[in-house]
Amino acid sequence: MDTLNADGTWDRLGSIAQLLHQATTQVWTDLAAAAADSPLHDLGLGVYLAHSRASALLPDDYELPEVVDLLADLEERTPLQLLTEAEELTRPLPLHQPDLVHGSQLVVDLCDLIREARGLGY
């Protein structure tokens, strides 16, 4: 059995990816009403790239579980809350494992995005 799967690492990363997907969706929705030079564009791109990074860490054959209740709950949270929760989920990840060698960059990205979102009053 894959030790990373046994300890819930992939499910944790899957949850992070879902949180970031929802944050991306919300920021891009807000961008529809924003000016062309809005700093939300940078935040939206950053969240999108963090989502891509989290998704790329998952094994190719990993399938995200269907969680309808979770998705409804996610829509009620702000992008800052979603980013913060995603960052909190990274804390127990075994980033020293070869499969997660790029996980440290995800953590740094999330911290930067949280700081940026707070700076925007988001």
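Residues numbered from 1 in each chain as written. Predicted model: local features only at pLDDT ≥ 70, side-chain atom pairs only at ≥ 80, totals over all residues. Heavy atoms only, no water.

### Examining the pattern of salt bridges
This structure, assessed with the given rule, holds four salt bridges. One salt bridge in this structure joins E85 and R77, with 2.2 Å as the shortest N-O distance. When its relative accessible area of 16% is taken as the criterion, R77 is described as buried. Put simply, E87 and R91 hold a salt bridge, and the shortest N to O gap is 2.8 Å. Residue E87 is classed as buried on the basis of its relative accessible area, which comes to 10%. Assessed through its relative accessible area of 58%, R91 is described here as exposed. (Salt bridge = Lys/Arg side-chain N within 4 Å of Asp/Glu carboxyl O. Buried < 20%, exposed > 50% of the residue type's maximum accessible area, 1.4 Å probe, protein only.)

### A word on helix α6 (residues 103–119)
Relative to the 24 Å expected for 17 residues at 1.5 Å per residue, α6 spans 25 Å between its end C-alpha atoms, a close match to the ideal helical length. Every buried residue of α6 is accounted for by G103, L106, V107, D109, L110, L113, I114 and A117. Projection of α6 onto a plane perpendicular to its axis shows the buried side chains occupying an angular sector of 160 degrees, all on one side. In this structure, α6 carries R115 and G119 as exposed residues pointing more than 90 degrees from its buried face. On its buried side, α6 packs onto α2 (9–31), α3 (40–57) and α5 (79–90). Following α6 by one or two positions, G121 adopts a phi angle in the positive range, close to 70 degrees. (Helix = DSSP H or I, 4+ residues; strand = E, 2+ residues; numbered from the N terminus. Expected span 1.5 Å × (residues − 1). Arc of directions from axis to C-beta. Contact = heavy atoms within 4.5 Å.)

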